[in-house]
Amino acid sequence: MLWQTARFDLDLTHARVMGIVNVTPDSFSDGGQHAGTAAALRHCEQLLKEGADILDIGGESTRPGSPALPLQDELQRVLPVMQEAVRLGVPISVDTYKPQVMQAALDLGADIVNDIWALRQSGAAQVVAAHPRCGLCLMHMHRDPQTMQTAPMQGDVVPQVLTFLELQAQYLQGLGVNKSRIAIDPGIGFGKTVQQNFALLARQRELLALGYPVLAGWSRKSSLGAVTGLPVQERLGASVAAALLAVQQGARIVRVHDVRDTVGALATWRAMQEQPPIEQTH
């Protein structure tokens, strides 16, 4: 399976690791660590050394309860980093739901638009449809970041998430977006209970029936804290385990903070998978 992006056709035969670059003072797990342009670029380079295949750059925190960021603030955070990051030789993703930020990032050479709103904000779908090649990641989110965890989804979430993603992908294809440009993300932690998040992991293969690569974002999420009792900065082991389980369940991209450890775990798992079957002797 290939994921078409602006400058790269990504071979997803093996799962790819998307490294998170938060140019924010208030993200839930690493807020402020990479807030300036120079610090963010150093982090980009470090993640590439650790084995990241894709860099995902975002300027607005979307943790539960986070306030919306004014457009100009987001542009000032993201664009200087984007301008330099596109020279690093790997696909660069912009994590935004604002069409103006999408357009500015694509104009600078960004390869992928990763949108928690799945391009439902006014004008967003038109921006990506007007671009000839950029990759897209459509994520499922219940309600919005300000309210999503105050009233999470109810019932069996898997068919609800599947139907939403299918309809959004079909809508974009109706605007002329090639199917090979689209990836889908079930939106772990975005308006779901702990039990619902793990149901999406256990039944993730049901999403594969749609025919799009699945991107999984479990890194340091609160559901991992709920089952381990660990604070956000101590969820490395749980995050790596969740990424590995997501790949075992068919995810082709995992979005992570801890690139080195995730890359190592996936290499170990792949080495086992690639062993020839043992011939039975009778």
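Going by the structure above, here's the rest.
Computed from a predicted model, the values in this text were never measured in an experiment.

**Remarks on the overall build of the protein chain**
A tally of regular secondary structure across the protein chain gives 10 helices and 10 strands. The C-alpha atoms of the protein chain give 18 Å as radius of gyration, which agrees with the globular expectation for 282 residues (19 Å, within 12%). Overall size of the protein chain, expressed as C-alpha extent along the three principal axes, is 70 × 40 × 40 Å. Counting only residues that meet the buried cut, the protein chain has 53% of its 282 residues in that class. Relative to all contacts within the protein chain whose residues are 6 or more apart in sequence, the contacts with residues 24 or more apart total 70%. As displayed, the protein chain has an accessible area near 12000 Å², and 53% of this comes from carbon and sulfur atoms. For the protein chain, the distance from the average position of its 23 positive side-chain charges to the average position of its 26 negative side-chain charges is 1 Å.

**Focus on the pattern of salt bridges**
All told, the structure shown has 12 salt bridges when counted by the stated rule. A salt bridge links Lys98 to Glu74, with the nearest nitrogen and oxygen atoms 2.6 Å apart. Of this pair, Lys98 sits in the loop between β5 (92-95) and α3 (99-108) while Glu74 is found in helix α2 (residues 71-85), placing the two residues 24 residues apart along the sequence. The two residues Lys98 and Glu74 agree in class, both being buried. In this structure, Arg203 engages Asp156 in a salt bridge whose closest nitrogen and oxygen atoms are separated by 3.0 Å. You can see Arg203 sitting in the loop between α6 (194-202) and α7 (205-208) and its partner Asp156 sitting in the loop between β7 (135-139) and α5 (157-174), a full 47 residues away along the chain. When salt bridges with common partners are traced through the structure, they connect Asp56, Asp95 and Arg255 into a single cluster.

**Thoughts on the packing of aromatic side chains**
This structure, assessed with the given rule, holds two aromatic pairs. When the centroid spacing of 4.9 Å and the interplanar angle of 45 degrees are considered together, the rings of Phe198 and Trp218 count as tilted. With a gap of 20 residues between them, Phe198 in helix α6 and Trp218 in the loop between β9 (215-216) and α8 (222-228) connect regions that are remote in the sequence. Taking relative accessible area as the criterion, Trp218 reaches 2% and is therefore assigned buried. Residue placement shows Lys179 over the ring face of Tyr212; its charged tip is 5.0 Å from the ring centre.

**Brief notes about the nonpolar core**
Residues Ile57, Met82, Leu119, Leu136, Leu172 and Ile182 are the most contacted members of the largest nonpolar core, which totals 70 residues. Of the residues forming this core, the biggest block, eight residues, is contributed by α5. Among all residues touching Leu172, those that are not within four sequence positions of it are Leu119, Ala125, Val128, Leu136, Leu138, Val177 and Ile182. In this structure, Met18, Ile54, Ile112 and Leu215 belong to the second largest nonpolar core, which totals 10 residues.

**A few points about helix α10 (residues 259-273)**
Its 15 residues give α10 an end-to-end C-alpha distance of 21 Å, which sits within 8% of 21 Å, the value for a rise of 1.5 Å per residue. Every buried residue of α10 is accounted for by Val259, Thr262, Ala265, Leu266 and Trp269. For α10, the arc enclosing every buried residue in end-on projection is 135 degrees, short of the 170-degree limit, so these residues lie on one face. Seen from the open side of α10, the exposed residues pointing more than 90 degrees away from its buried face are Arg260 and Thr268. Of the surrounding secondary structure, the elements contacted by the buried residues of α10 are β3 (16-22), α1 (37-49), α9 (236-248) and β10 (253-256).

**Considering the sheet that holds β3**
Sheet architecture is open: eight strands sit in the order β8-β7-β6-β5-β4-β3-β10-β9, paired in parallel fashion. Of all the strands in the sheet, just β8 (182-185) and β9 have a single pairing partner and so form its edges. Bridging between strand β4 (residues 54-58) and β5 involves four bridges; their strand directions are parallel. Following the sheet pairing, Leu55 is matched in β5 by Ile92.

**Details of the environment of Ala125**
Relative to the helices and strands, Ala125 is located in helix α4 (residues 124-130). Each C-alpha atom of the pair Ala125 and Leu71 lies 18 Å from the other, and the pair is 54 residues apart in sequence.

**Quick look at the packing of α5 against α6**
Angle between the axes and distance between the axes are the two parameters that describe a pair of packed helices. Close contact between α5 and α6 brings their axes to 9 Å; oriented N to C, the two are set at 65 degrees. With respect to α6, the axis of α5 lies roughly perpendicular. Note on packing geometry: the crossing formed by α5 with α6 is right-handed. In this structure, α5 contributes Val157, Val158 and Val161 to the contact, and α6 contributes Gln196, Ala199 and Leu200. The class makeup of the residues in the contact of α5 with α6 is five nonpolar, one polar and no charged.

Here is what the cut-offs are and how they apply
Residues numbered from 1 in each chain as written. Predicted model: local features only at pLDDT ≥ 70, side-chain atom pairs only at ≥ 80, totals over all residues. Heavy atoms only, no water. Helix = DSSP H or I, 4+ residues; strand = E, 2+ residues; numbered from the N terminus. Rg over C-alpha atoms; globule rule 2.2 N^0.38 Å. Buried < 20%, exposed > 50% of the residue type's maximum accessible area, 1.4 Å probe, protein only. Contact = heavy atoms within 4.5 Å. Areas by Shrake-Rupley, 256 points an atom, 1.4 Å probe, with all protein chains shown as cover. Lys, Arg positive; Asp, Glu negative; His and termini not counted. Charge placed at Lys NZ, Arg CZ, Asp CG, Glu CD. Salt bridge = Lys/Arg side-chain N within 4 Å of Asp/Glu carboxyl O. Phe/Tyr/Trp six-rings, centres within 6.5 Å; stacked < 30°, edge-to-face > 60°. Lys NZ or Arg CZ within 6 Å of the ring centre and 35° of its normal. Core = buried A, V, L, I, M, F, W, Y, C linked by side-chain atoms within 4.5 Å. Expected span 1.5 Å × (residues − 1). Arc of directions from axis to C-beta. Pairing = 2+ DSSP bridges. Axes fitted to C-alpha atoms, helices over the stretch in contact; angles between N-to-C directions. Parallel < 35°, antiparallel > 145°, perpendicular 65-115°, else oblique. Left-handed = near helix turned anticlockwise from the far one by under 90°. Nonpolar A, V, L, I, M, F, W, Y, C, P; charged D, E, K, R; others polar.

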